[in-house]
Amino acid sequence: MTATLMADAVELAYDERVISTDLTVGIPEHEFTVVIGPNACGKSTLLKALARLLPPRDGHVTLDGRDVKAFGSKEFARALALLPQSSQAPAGISVSDLVARGRFPHQRFLQQWSAADEAAIARAMTATGVDELALRPVDELSGGQRQRAWLAMVLAQDAPITVLDEPTTFLDIAHQIEVLDLCESLHAEGGRTIVAVLHDLNQAARYGTHIIAMKDGEVVAEGVPDEVITVDLVAEVFGVRARILVEPESGSPFVMPLGLVGRP
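What counts, and where the lines are drawn
- Residues numbered from 1 in each chain as written.
- Predicted model: local features only at pLDDT ≥ 70, side-chain atom pairs only at ≥ 80, totals over all residues.
- Heavy atoms only, no water.
- Buried < 20%, exposed > 50% of the residue type's maximum accessible area, 1.4 Å probe, protein only.
- Helix = DSSP H or I, 4+ residues; strand = E, 2+ residues; numbered from the N terminus.
- Pairing = 2+ DSSP bridges.
- Axes fitted to C-alpha atoms, helices over the stretch in contact; angles between N-to-C directions.
- Contact = heavy atoms within 4.5 Å.
- Arc of directions from axis to C-beta.
- Parallel < 35°, antiparallel > 145°, perpendicular 65-115°, else oblique.
- Left-handed = near helix turned anticlockwise from the far one by under 90°.
- Nonpolar A, V, L, I, M, F, W, Y, C, P; charged D, E, K, R; others polar.
- Core = buried A, V, L, I, M, F, W, Y, C linked by side-chain atoms within 4.5 Å.

Glancing now at the pairing of strand β8 (residues 193-197). Along a regular strand, successive side chains alternate from one face of the sheet to the other. By the criterion of burial, β8 is predominantly enclosed, with 5 of the 5 residues buried. Burial of β8 is two-sided: the residues Thr-193, Val-195 and Val-197 facing one way and the residues Ile-194 and Ala-196 facing the other way are all buried. Examined bridge by bridge, strand β3 (residues 32-36) and β8 share 4 bridges and lie parallel to one another. The partner of Thr-33 across the bridge, within β8, is Val-195. Where strand β7 (residues 161-165) meets β8, 5 bridges bridge the pair, whose relative direction is parallel. Residue pairing in the sheet places Asp-165 in a bridge with Val-197 of β8.

Encoded structure:
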């Protein structure tokens with residue numbers, strides 16, 4: 001696999017709290033990469049570094065071999081779109097206006113709006129199923145609707161790499177599946193490179209084509225779901241005894257927890 005986005009020997013920290021040291025991670029091009037691991041293991045911190053929100057203290061983050069610090073802000077936004085864990089829309093903004101903000105990186109000084117912008121917005125709203133919500137205020141939507149509106153904004157950005165930090169958090173199971181099915185179709189149909197942090201191991205195995213498992217700020221394992229999501233890995237990373245079955249519909253690994261490691 002060719003890594004298009006790369007963290008090379010980075011040290012990541014918040015003030016004096018060091019999260020990762022000498023961390024090297026490659027995000028393969030055209031794959032649906034899912035990052036898994038226990039709480040506070042550095043998953044979201046890694047995504048922030050890849051998305052240029054957290055500059056590494058040491059090492060480099062590169063995109064297509066170029067240090068991300070060398071990109072202009074609009075240039076980088078045309079290459080990578082980020083949906084963070086929590087997004088706050090301006091009060092009263094409509095869905096269509098929110099989605100339109102995804103086109104900001106494509107605006108030019110002498111050409112503020114174009115037919116290409118209109119087409120990108122229409123595609124994004126259709127793909128996420130928010131057409132009928134276009135005039136609704138974002139702050140009046142349900143959790144699932146709101147998340148789809150934010151995804152539409154990210155899609156309208158039309159970047160080849162999409163980074164999603166816990167996109168299913170706070171959603172019920174139906175809306176989780178709705179969001180992940182959408183991501184899967186974007187990856188399958190458009191060849192988009194997707195990186196997402198997920199907590200549910202079975203969802204990670206079902207939707208991810210490339211898994212990165214982290215613990216204590218380090219990468220413990222990476223590869224296809226069958227190689228990464230194993231009995232030993234679940235015990236080592238999550239401290240959980242489990243049986244790994246085969247999900248009959250997709251053929252992906254299915255984790256059945258049996259209890260905590262070291263307890264009967």
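Here the narrative resumes, following the displayed structure.
Turning next to the sheet that holds strand β5 (residues 66-67). Pairing is antiparallel in the open sheet, where 4 strands are placed in the order β2-β1-β4-β5. Each having just a single partner strand, β2 (17-28) and β5 make up the two edges of the open sheet. With 2 bridges joining them, strand β4 (residues 58-63) and β5 adopt antiparallel strand pairing. If you follow Thr-62 over to β5, its bridge partner there is Asp-67.

This brings us to the sheet that holds strand β6 (residues 80-83). Strand order across the open sheet formed by 6 strands is β6-β7-β8-β3-β9-β10, with mixed pairing between neighbours. The open sheet has two edge strands with one neighbour each: β6 and β10 (218-223). For this sheet the average axis-to-axis angle between neighbouring strands, irrespective of direction, equals 15°. Alignment of β6 against β7, held across 4 bridges, turns out to be parallel. Each bridged residue has a counterpart across the sheet, and for Leu-82 the counterpart in β7 is Val-163. Across the sheet, helix α5 (residues 143-156) is in contact with β6 and β7; its angle to β6 comes to roughly 165°.

Those residues of helix α9 (residues 231-238) that sit buried are Leu-233, Val-234 and Val-237. One side of α9 carries all its buried residues, which in axial view fall inside an arc of 95°. Looking one or two residues past α9, Gly-239 carries a phi angle of roughly 70°, positive in sign.

Turning our attention to helix α1 (residues 43-50). Within α1, 7 of the 8 residues are buried, leaving the element largely enclosed by the surrounding structure. Residues of α1 that are buried include every one of Lys-43, Ser-44, Thr-45, Leu-46, Leu-47, Ala-49 and Leu-50, and no others.

The next point concerns the packing of α5 against helix α6 (residues 173-190). For any two helices packed against each other, one specifies the inter-axial angle together with the distance between the axes. At a minimum axis distance of 10 Å, the contact between α5 and α6 shows a crossing angle of 15°. In terms of axis orientation, α5 runs roughly parallel to α6. Read as a crossing pair, α5 and α6 show a hand that is right-handed. The segment α5 lies against α6, with Gly-144, Gln-147, Arg-148, Leu-151 and Leu-155 engaging His-175, Glu-178, Val-179, Leu-182 and Leu-186. Looking at the contact of α5 with α6, its residues break down into 5 nonpolar, 3 polar and 2 charged.

With that settled, consider the environment of Phe-76. Within the secondary structure layout, Phe-76 lies in helix α2 (residues 73-79). The class of Phe-76 is buried, set by a relative accessible area of 5%. Sequence spacing of Phe-76 and Thr-2 is 74 residues, and the spatial spacing of their C-alpha atoms is 19 Å. If we ignore the near neighbours within four places in the chain, the residues touching Phe-76 are Leu-50, Ala-51, Arg-52, Leu-63, Val-68 and Phe-71.

The next thing to look at is the nonpolar core. One finds Val-95 and Val-99 to be the most contacted residues of the largest nonpolar core, which totals 51 residues. At 8 residues, α5 tops the list of elements feeding residues into this core. Val-99 has contacts with Ile-121, Ala-124, Met-125, Ala-149, Ala-152, Met-153 and Ala-156, leaving out every residue within four places of it along the chain. Core analysis: the next-biggest nonpolar cluster, separate from the first, contains 28 residues, Leu-50, Leu-80, Ile-212 and Met-214 among them.

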